[in-house]
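As a plain string of letters, each chain reads:
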Amino acid sequence: ENGTMKFLCLSYLDETKFEKLSESERQSFVKACSAYDDILRKSGHFMRLEALDGARNAKTLRYQNEKVSITDGPFAETKEQIGGILLLDARDLKHATDLMAKHPGIRVATFEIRALDEESKAKVKPAKLRCPSDGTQLPAKISKPVNVGC
């Protein structure tokens, strides 16, 4: 590796802030976010972005009283809910913070940035990939698309 670390940026979206924007403001906002994501991508810092469905469509699972309880909606009753995640490559936490402080998404969201725990990740054994049709084990790294029929 090139001496960088991986960081997970959790985006806590205040949906009411986004909903208050006019349609043209929303379009402009989304374009600005995409443009900054492109800057991160071209500079090698952007690794992956995943937007999440609205919090009202979430399910929360808890283990209580010797059983799993499932409730509708997010765990926390707050205005801000996780809206997405961005995986970032940066020199250190300060660098990751500096990069995300310039992201236009900060206007409607709060960013929480955490380093990935590479030591714990190294201790986890990767899942063995199996062919869905006959259960045969697939190679750990697949270099080309695999037919579902294997």
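Residues numbered from 1 in each chain as written. Predicted model: local features only at pLDDT ≥ 70, side-chain atom pairs only at ≥ 80, totals over all residues. Heavy atoms only, no water.

**Regarding the side chain of Ser11**
Here's step 1: Along the polypeptide, Ser11 turns up in strand β1 (residues 5–14).
Here's step 2: Not counting the four nearest positions on each side in its chain, Ser11 is found in contact with Gln81, Ile82, Gly83, Gly84, Ala109, Thr110 and Phe111. (Helix = DSSP H or I, 4+ residues; strand = E, 2+ residues; numbered from the N terminus. Contact = heavy atoms within 4.5 Å.)

**So, the confidence of the model for the chain**
Do not read the predicted coordinates in detail wherever pLDDT is low.
Here's step 1: On average, the chain scores 83 in pLDDT, and the residues at 70 or more come to 79%.
Here's step 2: Across the chain, element-level confidence peaks in helix α3 (residues 93–101) with a mean pLDDT of 96 and bottoms out in helix α4 (residues 118–123) with 66. (pLDDT = per-residue confidence, 0-100.)

**Overview of unusual backbone geometry**
Here's step 1: A positive phi angle is found at Asn65, which is not glycine, with a value near 50°.
Here's step 2: Structurally, the position occupied by Asn65 is in the loop between β3 (59–64) and β4 (67–72).
Here's step 3: A relative accessible area of 73% places Asn65 in the exposed class.
Here's step 4: Its identity as a non-glycine residue notwithstanding, Glu66 has a phi of 65°, on the positive side. (Buried < 20%, exposed > 50% of the residue type's maximum accessible area, 1.4 Å probe, protein only.)

**Description of the pairing of β4**
Here's step 1: Both β3 and β4 contribute to a ladder of 6 bridges, which runs antiparallel. Looking at the pairing, Thr60 lines up with Thr71 of β4. (Pairing = 2+ DSSP bridges.)

**Comments concerning the nonpolar core**
Here's step 1: In terms of nonpolar packing, the biggest core is built from 14 residues, with Leu88 and Met100 touching the most fellow members.
Here's step 2: Put simply, the parts of the chain that give this core at least two residues each are β1, α2 (23–42), β5 (80–90), α3 and β6 (109–115). (Core = buried A, V, L, I, M, F, W, Y, C linked by side-chain atoms within 4.5 Å.)

**Some thoughts on the sheet that holds strand β2 (residues 46–51)**
In a beta sheet, neighbouring strands pair by backbone hydrogen bonds and run either parallel or antiparallel.
Here's step 1: Spatially, the 4 strands line up as an open sheet ordered β2-β5-β1-β6, and their pairing is antiparallel. Only two strands of the sheet have a single neighbouring strand rather than two, namely β2 and β6. The mean angle between the axes of side-by-side strands here comes to 20°, regardless of whether they run parallel or antiparallel.
Here's step 2: Relative to the sheet, α2 contacts β2 and β5, its axis offset from that of β2 by approximately 150°. (Axes fitted to C-alpha atoms, helices over the stretch in contact; angles between N-to-C directions.)

**Some remarks on the pattern of salt bridges**
Should the charged atoms of two oppositely charged side chains come close, the side chains can pair.
Here's step 1: Within the structure shown, the criterion is met by 5 salt bridges.
Here's step 2: A salt bridge links Arg114 to Glu112; the nearest nitrogen and oxygen atoms lie 2.6 Å apart.
Here's step 3: Classification of Arg114 as exposed rests on a relative accessible area of 52%. (Salt bridge = Lys/Arg side-chain N within 4 Å of Asp/Glu carboxyl O.)

**Let's talk about α3**
In an α-helix, one full turn covers 3.6 residues, which means residues spaced three or four apart are oriented alike.
Here's step 1: Buried residues of α3: His95, Ala96, Leu99 and Met100, and no others. Along α3, the residues classed as buried sweep out an arc of 130° about the axis, all on the same side. The outward face of α3, more than 90 degrees from its buried face, is lined by the exposed residues Lys94 and Ala101.
Here's step 2: Residues of α3 that are buried in the fold lie against β1, α2, β5 and β6.
Here's step 3: One side-chain oxygen at the N-terminal end of α3 lies 3.2 Å from the backbone nitrogen of Lys94; it belongs to Asp92. (Arc of directions from axis to C-beta. Polar contact = N/O pair within 3.5 Å; in protein donor to acceptor, adjacent residues only side chain to side chain.)

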